[in-house]
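Single-letter residue listing:
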Amino acid sequence: MYVILVYDVNVNRVNKVLKTARRYLTWVQNSVLEGELTEATYRALKNDLTRIIDPEEDSVLFYILGNTKYTKRELLGIKKGGEEWIY
Amino acid sequence: MQKTLYLFANGRLYRKDNTICVEGEKERKYFPVESIRDIYVFGEVDLNKKFIEFAEDKEIILHFFGYYGNYVGTFYPREHYNSGYIILRQAEHYLDSTKRLDLAKRFVQGAVANIVQVLKYYQNRGKDLESYLYAISLLEESVSSVSSVEELMALEGNIRRYYYESFNTILDDTPFILKNRSKRPPTDPLNALISFGNSLVYTKILTEIYKTHLDPRIGYFHTTNFRRFTLNLDVAEIFKPIYADRVLFTLLNKNVIKEDDFENQGGVFLLKERGRRLYVQEFEDKLRTTFYHRRLKRNVSYQTLIRLELYKIEKHLIGEELYEPFVSRW
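The model shown is predicted, which means the values in this text are computed figures rather than measured ones.

Caption draft 1: Layout of the UniProt feature "binding site: Mn(2+)" (unreviewed entry) in chain B. All names here are of chain B. Feature annotation in UniProt places "binding site: Mn(2+)" (unreviewed entry) on E156, H222 and E237, given in this structure's numbering. A stretch of 82 residues holds the annotated residues, and the largest C-alpha distance among them is 11.7 Å, short enough that they meet in one place. Checked against the lining of the largest pocket, the annotated residues just named reduce to E156, H222 and E237. As for its placement among the helices and strands, E156 is situated in helix α5 (residues 149-170). For E237, a relative accessible area of 5% translates into the label buried. In this view, E237 contacts A111, E156, R160, F221 and H222; residues no more than four positions away in its chain are not counted. Within the structure, E237 has its side chain in polar contact with the side chain of R160 (distance 2.9 Å).

Caption draft 2: Examining the interface of chain B and chain A more closely. Contacts between chain B and chain A engage 25 residues on the former and 15 residues on the latter. Summed over both partners, the interface of chain B with chain A buries about 1,900 Å², with 58% contributed by carbon and sulfur atoms. In this assembly, chain B and chain A are joined by 4 salt bridges. A salt bridge links K19(A) to D17(B), with the nearest nitrogen and oxygen atoms 3.6 Å apart. Listing elements by their share of the side of chain B that touches chain A, those giving two or more residues are β1 (3-7), β3 (19-23), β4 (28-31) and α8 (273-288) of chain B. Top element by residues in the side of chain B that touches chain A is β1(B). It accounts for 5 residues. Classifying every residue of the side of chain B that touches chain A by side-chain character gives 13 nonpolar, 5 polar and 7 charged.

Conventions and cut-offs
- Residues numbered from 1 in each chain as written.
- Chains lettered and ligands numbered in written order.
- Predicted model: local features only at pLDDT ≥ 70, side-chain atom pairs only at ≥ 80, totals over all residues.
- Heavy atoms only, no water.
- UniProt positions renumbered as here; feature names shortened; annotations may be inferred.
- 1 Å grid on protein atoms, 1.4 Å probe; cavity = no way out; pocket = protein on both sides within 12 Å on 5 of 7 lines; lining within 4 Å.
- Helix = DSSP H or I, 4+ residues; strand = E, 2+ residues; numbered from the N terminus.
- Buried < 20%, exposed > 50% of the residue type's maximum accessible area, 1.4 Å probe, protein only.
- Contact = heavy atoms within 4.5 Å.
- Polar contact = N/O pair within 3.5 Å; in protein donor to acceptor, adjacent residues only side chain to side chain.
- Buried area = accessible area lost by both parts, 1.4 Å probe.
- Salt bridge = Lys/Arg side-chain N within 4 Å of Asp/Glu carboxyl O.
- Nonpolar A, V, L, I, M, F, W, Y, C, P; charged D, E, K, R; others polar.

Structure, rendered in structure tokens:
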């Protein structure tokens, strides 16, 4: 499944969340990552993040797309980051 | 599905924040470890033991290629599916000459069937390949009657010679000609491209072997020796025509890779970086393509197909079911 992760967390934890998420997903913009995950890796990612965030004041959102066939992605302005597997 | 990372850039490859980081000349890029299956290193990349340890931990295989695109070697992490049982069965099938010849024949039969399939595909598209198909079918009949692996090798070599000759007919709309197959070093662009494609297939299969109990050191058609992995070469016989060669024809017939994507270094032809990138792109697209698998009754990708093939070999070795190689239907 394709996952888009968006987070808004306290500055003290921003780096921790980014570092953890980067193990699973590709960074595309500040506080936004995306990528293809399996059920198991998705669960692992959620577990890791639950341990870091403070549920009282942080917020992490996952948009889950079954596949990317029926979605369209448009970009205005510069490309900050994204998936590249041939680098 | 896990992905493959191809590195053409120069720089440093290291472990950073528990993930994979590539530091190039101007930027630093992170790649998600959890979704990486293997890494192909083409660029001049520095890495350290810490990174190797990390790759071992995450079961990521590293394939290295030299400046000329030649295969250098593989970092094959410590076996994680240790199975003494399968190794013994593998050795048993190698040491028993009838069992070995039987398996070797199956690989060759699979390879020839797929070669024929490729030729038929292009014949349906208006290429006159009748004479090659006929010559190959005559040789194919004698595969079952050979009595030693050496004879089988020779026979397979003859079939391949006809097959490679047919490339000229398939590619008659392009400026490329194949006089004869030359490796180490390739002496014309087409040979360079064939070799490049084949080395990708060999390494892909190695990656998949790592995910099974099989030991890549014991092959059947190719003689097991002190030097290299051989089981992946056996399995590659089946997949080379449908993976590497089909990709090659697509790229050349569509004029994606052109004559100036090669450079001539004193009679030795090399595929330049642009050409390699294009080839790798098309190859990966091919592996990601899925099709309906009749027996499993679900869609599988060409990448997974390699692993299914290896499972069939395991079943053959433990005597559960005789191995029937995959033959493309289209």
